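# Chains, contacts and geometry: an overview
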Amino acid sequence: MMTIPRDQWYVAAYSSEIGHELFSRTICGEPILFWRTRDEVVTAMPDRCVHRRFPLSQPPSRLVEDQVVCGYHGFTYDAGGRCVAVPGQARIPRTARLLPYAVVEQDSFVWVFIGDHAKADPSRIPRAPWLTSPDYTTVAGMEPLRARYSLLVDNLLDLSHETYLHGGHIGTPEVAATPITTEVDEDAGIVRVSRHIDDAECPPFYANSTGLQGRIARWQDIEYMPPCLYTLHSRIAPVGSVPAPDGADPDAFHVEVVYAITPETAHSTHDFWCVARDFALGDEGVSAFLAESNRTVVRQDVEALDVLEQVIAAEPAGYQELSINIDTGGLAARRMLQRLCGAS
Amino acid sequence: MMTIPRDQWYVAAYSSEIGHELFSRTICGEPILFWRTRDEVVTAMPDRCVHRRFPLSQPPSRLVEDQVVCGYHGFTYDAGGRCVAVPGQARIPRTARLLPYAVVEQDSFVWVFIGDHAKADPSRIPRAPWLTSPDYTTVAGMEPLRARYSLLVDNLLDLSHETYLHGGHIGTPEVAATPITTEVDEDAGIVRVSRHIDDAECPPFYANSTGLQGRIARWQDIEYMPPCLYTLHSRIAPVGSVPAPDGADPDAFHVEVVYAITPETAHSTHDFWCVARDFALGDEGVSAFLAESNRTVVRQDVEALDVLEQVIAAEPAGYQELSINIDTGGLAARRMLQRLCGAS
Amino acid sequence: MMTIPRDQWYVAAYSSEIGHELFSRTICGEPILFWRTRDEVVTAMPDRCVHRRFPLSQPPSRLVEDQVVCGYHGFTYDAGGRCVAVPGQARIPRTARLLPYAVVEQDSFVWVFIGDHAKADPSRIPRAPWLTSPDYTTVAGMEPLRARYSLLVDNLLDLSHETYLHGGHIGTPEVAATPITTEVDEDAGIVRVSRHIDDAECPPFYANSTGLQGRIARWQDIEYMPPCLYTLHSRIAPVGSVPAPDGADPDAFHVEVVYAITPETAHSTHDFWCVARDFALGDEGVSAFLAESNRTVVRQDVEALDVLEQVIAAEPAGYQELSINIDTGGLAARRMLQRLCGAS
């Protein structure tokens, strides 16, 4: 029985989502209140007044100069979660405080630590440097998923589904037909799945964005850093082109497809997606096309996974699925997540 | 606590519903995939890919020459449920198969056997020959019921409700006022409830379809073959007319009202209904009238039974209802169903 | 764990709601059928036929000369809940009866006793005489609350929330800023909370209805008689005005704000509200203004409490809230309710 690993960093939002207003999002079952202070720091605390549970993000609750005033009885908290005013008395109870969450802004994301605050080590946050690099242009979005996060992990670790679920958009027959190699780095906490296709049809997603005509070499190198961050290093090149020994790869087009997989509850997920490219930098037409195409693909996943969540809800206890070679990466990811669940 | 009998035949659909496309319906809690093969045989198997549970009826899953291709990762099954292709490898796991359901097409219905396949004996399927007989003209439909099937069994075994719930359509005061006789054939598995009314008002349902004017003899002879098939042999005739000793009954009008009562889940039911008549054969005006009238009556039942399901959901545990003479048939049916539940 | 006290009187409706038609309302989880007989007496019985549970308020059930006829099979009950007719037989089973509820009409309300009928003592029903007094003009309404009744008790026992949740309508800064005194009369079963503000801003609710200009003395004297009846004796007067020793108080305006807090289910509540004033008697403009203003305020409460019910549903087990001085009355009310729950 998979649950949600605690004592972990999760992406709660894009940095661009958090401004100088109250913002609420539920992460791993915990409703969290965010705002950006006048010092431009993102603060995070439980979105629930200690007094009578009223959500501090719910009007008429309001933000007044970096203090949030509860809309029910006026309990007031500063950006550190300390209660600074209560109604009808001058003395503020010592226990009247909201424990702030550890927050790190990095690579365009707002990361929060869910679990024991003392274990929050920012150096453990995995990186996605392309998303803010001047050498890349990125489009991004977020789709809500009414399915458990592990279904999205399964989905992304096995890209053979592109051929079927995303045929006509990003999938071609060669994806499902080409075997994968899987590598698990237990110490670093990374699952790697690679599929190098030497000669493939070019799907519209890449044909329209790169301008490549004819068949292509298509490399998919996945790195999943459980529980939250997933990157697909995608390399598209004319057939026969390979990188030079020094890494130079001038004929190829590189796309870093990044997902942050954040449980909202046990049965719903925030599906953050980003597409960073090293070509057509700043080209708004290409950006618009890739954003729309990837959103379409993500929504196809969302529709399918929402159905699977319903299937699981209705099926008899003890139902067993069947796995084959393509699932090697997904099964490794599940084992790693299971261990993270046990360890917390 | 009534549940759903297993090791039983249930009506899953009308034959006319299953064509050369994927068709899905949940029977007794089991989602089942149907299609009619190029040999015109109806095939049935679980509507859930063995790999990652994706419904095989859900687009982009599709039927290709009597093979169904899963829309998620391309697992492919033939009409016998055998997996014939999986992505990324040539070897197909021995356990990659969907166990087909026993299916019989008979009397306009598609019957499936729910339970242990080895016990599926087609000779146990009860008959409703009128539905395909050239001596009868039949109208039919199906209404979804958001209530447990046993509430519909109760409803149909006690027709005194026609006077109240269906007054103005098919009920008249004499139905509720006339006592019933009940007979239980345990060996054959049949509950019979009869009500012969010698002199009754003719309700619009029969007045408009038969053309009879004035008062009528109205006989209702129910045969219920648990769990699924119910027939009401309805005889309408001028007052005083009785069948001859040899069975000849030229002055009477006969209607065979057939219901197939199929649990969808523990709390919802497929309510199949058919009205077969031995008069006005092929008369489209009479057919349209009877179809519309019976649909109206069935919807009155559906509305009432949906309410009862909600009443049961909200009532305290251990609530006891009170039964009287009119319930003799319904109580016998419950006992027989209870025994079928225990026996499976 | 608070539940719903039994063996208690609850307001089921306004007298004006019950006429010579079937009327159904669920009180403390029990669906109850009401009508006013031709003798103008309100009768109450379970809204569920003893036979097959059909709601007697649900069409085609109908009232025929003080007898209710079940719309499913025609079971017929008189105003005392006695079954007087069943279909298909003359003998009526002795157990075929609906136990009537004790009902008292008083102070514009229809009170019903939930629990052991033998314990129903009308003298224990708390009074709200202003609501039918010729010396007062009353406006009233009822709002459905999708939250447990105890959240409404909390809400009404601590009026400091007026400053925040109802700012601009009925709240001003002085309400939350002024300490309360609390008094618990265990024998009489009354919780009293008083807040006397000597010099306060006059909120629109009172400014527009009384015509008072400038600052006011504002007294709030709450009496809560668990579980159901709550009165706020509100006194508004020019600053400095106090009642004479003999009680005469000619410069003040008095408003009796009465709430009946009736659980519908464990998680929903009927929120009856009345505003009775001793000024502008019969003035329709003032009545319309106070009705609209109080409805607005009640709906602000409803919106907030509906949110709290959802917060509770999602929070981890064992979550603890924090209480301060303003909660003294609410906590006393909870203890009294807890005792009533245990005693029944």
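Residues numbered from 1 in each chain as written. Chains lettered and ligands numbered in written order. Predicted model: local features only at pLDDT ≥ 70, side-chain atom pairs only at ≥ 80, totals over all residues. Heavy atoms only, no water.

## Describing the overall build of chain A
Definition in use: Think of it this way: any DSSP run of H or I at least four residues long counts as a helix, any run of E at least two long counts as a strand, and we number them from the N terminus. Each residue is placed in one exposure class: buried if its accessible area under a 1.4 Å probe, protein chains only, is under 20% of its type's maximum, exposed if it is over 50%, and partly exposed if it falls in between. Only heavy atoms enter the contact rule, under which two residues are in contact if any of them lie within 4.5 Å. Each accessible area value is a Shrake-Rupley result obtained with a 1.4 Å probe; residue values ignore everything except the protein chains displayed when judging cover. Positive residues here are Lys and Arg, negative ones are Asp and Glu, while His and the chain termini are left out of the count. Think of each charge as sitting on NZ of Lys, CZ of Arg, CG of Asp or CD of Glu.
Each helix and strand in chain A was counted, giving six helices and 17 strands. Projected onto its principal axes, the C-alpha coordinates of chain A cover approximately 75 × 50 × 35 Å. Counting every position in chain A, which comprises 344 residues, the buried fraction comes to 58%. Put simply, of all contacts in chain A between residues at least 6 apart along the chain, 58% involve residues at least 24 apart. As presented, chain A carries roughly 13900 Å² of accessible surface, and 52% of it is formed by carbon and sulfur atoms. Treating the 28 positive side-chain charges of chain A as one cloud and the 46 negative ones as another, the clouds have centres 11 Å apart.

## Overview of the relation of the copies chain B and chain A
What counts is decided by this rule: Fitting of the copies onto one another was done by least squares over C-alpha atoms, counting residues only where both copies have pLDDT of at least 70.
If you rotate chain B by 120° and push it 0.0 Å along the axis, it lands on chain A with an RMSD of 0.0 Å. The transformation relating the two chain copies, once decomposed into turn and shift, fits a three-fold axis. Nearest to the rotation axis, the C-alpha of Ala313(B) is located 11 Å from it, this being the minimum over chain B.

## Considerations on the pattern of salt bridges
Note the following rule: The rule for a salt bridge is simple: a side-chain nitrogen of Lys or Arg has to be within 4 Å of a carboxyl oxygen of Asp or Glu.
Counting across every chain of the model gives 75 salt bridges over all chains. Of the charged contacts, one joins Glu186(B) and Arg339(B) as a salt bridge, the two residues approaching to 2.2 Å between their closest N and O atoms. Placement of the pair is Glu186(B) in the loop between strand 12 (181–185) and strand 13 (190–200) and Arg339(B) in helix 6 (residues 328–343), with a sequence separation of 153 residues. Residue classification places Glu186(B) among the partly exposed positions, given a relative accessible area of 45%. Here Arg339(B) falls in the partly exposed class, since its relative accessible area comes to 43%. Through salt bridges that share partners, Arg48(A), Arg52(A), Arg53(A), Asp154(C), Glu315(C), Glu321(C), Asp327(C) and Arg334(C) make up one connected network.

## Section: the sheet that holds strand 11 (residues 137–145) of chain B
Residues and elements named next belong to chain B. Worth spelling out the cut-off: Criterion used throughout: strands pair if DSSP finds at least two bridges between them. Axes here mean lines fitted to C-alpha atoms, for a helix over just the part in contact, with angles spanning 0 to 180 degrees between N-to-C directions.
Strand order in the open sheet made by the seven strands is 11-17-16-15-14-13-12, with antiparallel pairing throughout. Sheet topology places strand 11 and strand 12 at the edges, where each strand pairs with a single neighbour. Across the sheet, the mean angle separating the axes of adjacent strands is 15° when strand polarity is ignored. Where strand 12 and strand 13 come together, five bridges link them in antiparallel fashion. Residue Thr 181 lies in a different strand from strand 13, and its bridge partner there is Ser 194.

## Thoughts on the domain arrangement of chain A
All names here are of chain A. The cut-off we apply is this: The source of the domain bounds is an automatic or database domain assignment. Summed over both partners, the accessible area (1.4 Å probe) lost when two parts come together is defined as the buried area.
Splitting chain A by domain gives domain 1 (8–123) and domain 2 (131–343). With centres defined by C-alpha atoms, the gap from domain 1 to domain 2 works out at 33 Å. Contact residues are listed per partner, giving 17 residues for domain 1 and 20 residues for domain 2. Of the roughly 1300 Å² buried at the junction of domain 1 and domain 2 (both faces included), carbon and sulfur atoms supply 70%. At the boundary of domain 1 and domain 2, one finds zero salt bridges.

## Side note on the pairing of strand 3 (residues 30–36) of chain A
Residue and element names in this part refer to chain A. In terms of burial, strand 3 is a largely internal element, six of the seven residues being buried. From the end of strand 2 (residues 23–27) to the start of strand 3, which pair antiparallel, there are two residues, and Cys 28 there has a positive phi angle of about 50°. The turn joining strand 3 and strand 4 (residues 42–46), which pair antiparallel and follow one another in sequence, is formed by five residues; a positive phi near 70° is taken by Glu 40.

## Some words on the confidence of the model for chain A
As a reminder of what qualifies: Every residue carries a pLDDT, the predictor's confidence in it, which falls somewhere between 0 and 100.
Averaged over every residue, the pLDDT of chain A is 96; the share at 70 or more is 99%. ipTM for the predicted complex: 0.95, alongside a pTM of 0.95.

## Some points on unusual backbone geometry
Across the chain, the bulk of peptide bonds are trans and the bulk of non-glycine residues have phi less than zero. Pro226(A) connects to Pro227(A) through a cis peptide bond whose omega is 0°. Within the secondary structure layout, Pro227(A) lies in the loop between strand 14 (216–225) and strand 15 (229–238). Unlike most non-glycine residues, Asp107(C) shows phi in positive territory, near 55°. Relative to the helices and strands, Asp107(C) is located in the loop between strand 9 (103–106) and strand 10 (109–114).

## Describing the interface of chain C and chain A
Our working definition: Here a polar contact is recorded for every N or O atom pair within 3.5 Å, except that within protein the pair must consist of a potential hydrogen donor and a potential acceptor, and residues adjacent in sequence are included only if both atoms are side-chain atoms. In this classification, Asp, Glu, Lys and Arg are treated as charged, Ala, Val, Leu, Ile, Met, Phe, Trp, Tyr, Cys and Pro as nonpolar, and every other residue, Gly included, as polar.
With 30 residues of chain C at the interface, the matching set in chain A holds 24 residues. Of the roughly 2300 Å² buried between chain C and chain A, counting both surfaces, carbon and sulfur atoms make up 57%. Seen at the junction of chain C and chain A, the total is five salt bridges. Arg52(A) serves as the salt-bridge partner of Asp327(C), at 3.4 Å between the closest nitrogen and oxygen. At the boundary of chain C and chain A, one finds twelve residue pairs in polar contact (both at pLDDT 80 or more). Mapped onto the side of chain C that touches chain A, the elements with two or more residues apiece are helix 1 (149–157), helix 2 (161–165), helix 3 (173–177), helix 5 (284–314) and helix 6 (328–343) of chain C. Among the elements that line the side of chain C that touches chain A, the one with the most residues is helix 5 of chain C, at seven residues. For the side of chain C that touches chain A, the per-class residue count stands at 18 nonpolar, five polar and seven charged.

## Some words on the environment of Arg124(A)
Residues and elements named next belong to chain A. Within the secondary structure, Arg 124 is located in the loop between strand 10 (109–114) and strand 11 (137–145). Judged by its relative accessible area of 44%, Arg 124 is partly exposed. When residues no more than four places from it in sequence are discounted, the contact partners of Arg 124 are Asp 7, Gln 8, Phe 113 and Lys 119. At a separation of 3.4 Å, a polar atom in the side chain of Arg 124 contacts the side chain of Gln 8.

## Examining the packing of helix 1 of chain C against helix 5 of chain C
Residues and elements named next belong to chain C. Which entries qualify depends on this criterion: Every angle not falling under 35 degrees, over 145, or within 65 to 115 is termed oblique; those three ranges are roughly parallel, roughly antiparallel and roughly perpendicular. Less than a right angle of anticlockwise turn of the near helix away from the far helix marks a crossing as left-handed, whereas a clockwise turn marks it as right-handed.
With their axes 10 Å apart at the nearest point, helix 1 and helix 5 run at an angle of 130° to one another. By the angle class used here, helix 1 and helix 5 are oblique. In this structure, helix 1 crosses over helix 5, and the sense of that crossing is right-handed. In contact with Leu 151, Leu 152 and Asn 155 of helix 1, helix 5 contributes Asp 301, Leu 305, Leu 308, Glu 309 and Ile 312. Its residues placed into classes, the contact of helix 1 with helix 5 shows five nonpolar, one polar and two charged.

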